[in-house]
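Below, each chain spelled out in residue letters.
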Protein chains: 2
Amino acid sequence: MKAFEKLISSLKRLPGLGPKQAERIALHLLRVSGAESEALIGAIREAKTNIRTCAVCFTYSETEICAICSDEARDRATLCVVEEPSDVSAIERSRSFRGRYHVLHGALSPLEGIGPDMIRTRELFERVRADSGVREVILATDPDTEGEATALYLHEALAKFPVKITRIALGVPMGGDLDYVDERTMSSALLGRREIVHKES
Amino acid sequence: MKAFEKLISSLKRLPGLGPKQAERIALHLLRVSGAESEALIGAIREAKTNIRTCAVCFTYSETEICAICSDEARDRATLCVVEEPSDVSAIERSRSFRGRYHVLHGALSPLEGIGPDMIRTRELFERVRADSGVREVILATDPDTEGEATALYLHEALAKFPVKITRIALGVPMGGDLDYVDERTMSSALLGRREIVHKES
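All figures in this text were calculated on a predicted structure; none of them were measured in a lab.

**Focus on the overall build of chain A**
Scanning chain A for helices and strands turns up seven helices and six strands. Ordered by position in the sequence, the α and β elements of chain A form the string α-α-α-β-β-β-α-β-α-β-α-β-α. What you see for chain A is a C-alpha radius of gyration of 21 Å, clearly larger than the 17 Å of a compact globule of 201 residues, by over 25%. Seen through its principal axes, chain A has C-alpha atoms that stretch 65 × 45 × 45 Å. The burial tally for chain A puts 40% of its 201 residues in the buried class.

**A closer look at the side chain of Thr141(B)**
Residue and element names in this part refer to chain B. Its location among the elements puts Thr141 in the loop between β5 (136-139) and α6 (145-157). Owing to a relative accessible area of 1%, Thr141 belongs among the buried residues under this scheme. Here the side chain of Thr141 touches Gly147 through a polar contact of 2.8 Å, landing on its backbone oxygen. With residues up to four places along the chain from it excluded, the contact list for Thr141 reads Val81, Glu83, Leu104, Gly147, Thr150, Ala151, Arg167 and Ile168.

**What to know about the nonpolar core**
Leu11(A) and Leu11(B) are the most contacted members of the largest nonpolar core, which has 40 residues in total. The set of elements that each furnish at least two residues to this core consists of α1 (2-12), α2 (19-31) and α3 (34-50) of chain A together with α1 (2-12), α2 (19-31) and α3 (34-50) of chain B. The residues touching Leu11(A), leaving out its near neighbours within four places in the chain, are Leu17(A), Ala22(A), Ile25(A), Ala26(A) and Leu40(B).

**What to know about the sheet that holds strand β3 (residues 78-82) of chain B**
Residues and elements named next belong to chain B. The sheet built from four strands is open, its strands ordered β4-β3-β5-β6 with parallel pairing. The sheet is open, and its two edges are formed by β4 (100-103) and β6 (164-167), each paired on a single side. Recorded for the sheet is a direction-independent mean angle of 25° between the axes of neighbouring strands. Of the strand pairs in this sheet, β5 and β6 are connected by four bridges, and their pairing is parallel. Within β6, the residue paired with Ile138 across the bridge is Thr166. Here helix α4 (residues 85-93) sits on the sheet and contacts β3 and β4; the angle it forms with β4, its principal contact strand, is near 155°. In this fold helix α5 (residues 121-130) packs onto β3, β4 and β5, with an angle of close to 150° to the strand it touches most, β4.

**Focus on the relation of the copies chain A and chain B**
When chain A is brought onto chain B, the operation consists of a screw motion whose angular component is 180° and whose axial shift is 0.0 Å, with 0.0 Å RMSD remaining. The superposition of one copy onto the other is thereby described by a two-fold rotation axis. Nearest to the rotation axis, the C-alpha of Ile41(A) is located 3.1 Å from it, this being the minimum over chain A. Mapped onto chain B, 100% of the interface residues of chain A again fall at the interface, so both copies present the same surface.

**Some words on the domain arrangement of chain A**
Domain parsing of chain A yields domain 1 (2-50) and domain 2 (72-195). For domain 1 of chain A versus domain 2 of chain A, the distance between C-alpha centres works out to 34 Å.

**Quick look at the sheet that holds strand β4 (residues 100-103) of chain A**
Residues and elements named next belong to chain A. Taken together, four strands build an open sheet; the order of strands is β4-β3-β5-β6 and the sheet is parallel. Each end of this open sheet is capped by a strand with a single partner; those strands are β4 and β6 (164-167). Going across the sheet, the axis of each strand differs from the next one's by a mean of 25°, ignoring polarity. Strand direction decides the pairing type here: strand β3 (residues 78-82) and strand β5 (residues 136-139), joined by four bridges, are parallel.

**What about the interface of chain A and chain B?**
Listed as interface residues are 48 residues of chain A and, on the opposing side, 48 residues of chain B. Interface of chain A and chain B: buried area, both sides summed, is about 4,400 Å²; carbon and sulfur atoms make up 61% of it. The residue Glu46(A) makes a salt bridge to Lys6(B) at a minimum N-O spacing of 2.6 Å. Of all the secondary-structure elements, those providing two or more residues to the side of chain A that touches chain B are α1, α2, α3, β2 (60-61) and α4 (85-94) of chain A. With 14 residues, the single largest contributor to the side of chain A that touches chain B is α3(A).

Cut-offs applied
- Residues numbered from 1 in each chain as written.
- Chains lettered and ligands numbered in written order.
- Predicted model: local features only at pLDDT ≥ 70, side-chain atom pairs only at ≥ 80, totals over all residues.
- Heavy atoms only, no water.
- Helix = DSSP H or I, 4+ residues; strand = E, 2+ residues; numbered from the N terminus.
- Rg over C-alpha atoms; globule rule 2.2 N^0.38 Å.
- Buried < 20%, exposed > 50% of the residue type's maximum accessible area, 1.4 Å probe, protein only.
- Polar contact = N/O pair within 3.5 Å; in protein donor to acceptor, adjacent residues only side chain to side chain.
- Contact = heavy atoms within 4.5 Å.
- Core = buried A, V, L, I, M, F, W, Y, C linked by side-chain atoms within 4.5 Å.
- Pairing = 2+ DSSP bridges.
- Axes fitted to C-alpha atoms, helices over the stretch in contact; angles between N-to-C directions.
- Least-squares fit on C-alpha atoms with pLDDT ≥ 70 in both.
- Domains from an automatic or database assignment.
- Buried area = accessible area lost by both parts, 1.4 Å probe.
- Salt bridge = Lys/Arg side-chain N within 4 Å of Asp/Glu carboxyl O.

Spelled out as structure tokens, the structure:
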């Protein structure tokens, strides 16, 4: 069945879908009503049409300026730099950050030929230069080779601005088992150890 | 973001997609080009338009009669009854069956009000009645409550035809660990035990 194979191979391009799950979803789409499959198609098209990137921080938004950037209650002094809009969602879910974001839309990768001009670094420098309210830039790029290279590059490039530059802590994850932590993570956790301060009673 | 939430909730209706994977796929769809998302949309629509059920066995097919039913090399004497087209794929992958299929498109479920007339049982009886070549009907419905009830019903309803009626073996799965086999499967495996026949040397 040509049309069936084609649908499966389109579905397999979606992240995290293996051949078996793609087939399961394809069979599901064949079984459901035309209205149901058209609802999915409509949702994909509506999202592609209506969602753009925020003119300030470049996360996804349905408005010119996203909800976070237009929220006056958010701290202007702290700017958290991430690779992707999904990282903004992940940090927001943690409810531990009340500042603003800057989404690079990628990370530096000499191997793949991705240099500073191909991700939104220029816009970051502009923001830090123009907004004198920024006191701290948190580098929250991924803890992998590209993310580390990007953090290193940004650390050097931002040195000329009067802002504090920090990197998110790399260490053992909560709820994890030390036995299963890889050596580089363990080494980061040891290097980044912090003194336990006794609470005053 | 209304459009984003809507896309996620549409994706969550697909089988096996939890909230996190739905969000990951939604972000992927936003990132890819319009041509890429339209290719997926086209594949869904083409499959919905071109794929129908085979007029003989009711599995999915792009032609009036499916490839298996039109294959003269397939054994006409054995008819394997399954619940869904995906079961046909699963059995074909095992390369252990050379007969033909009959897809019920469901299973009996008194709880959900699904009776024999709501699945393709009448067409099965017609096939067995009309095709005097059928010698054996294999009941390969799922080994769950609905599948067992369906097998029992078909066993009784087919008794009036001069055909052998068999049920696929229920037992411990290959590569499994006996420790992890549930009690009902273990009980089926013991009840269905077979004598080991020494091969003649």
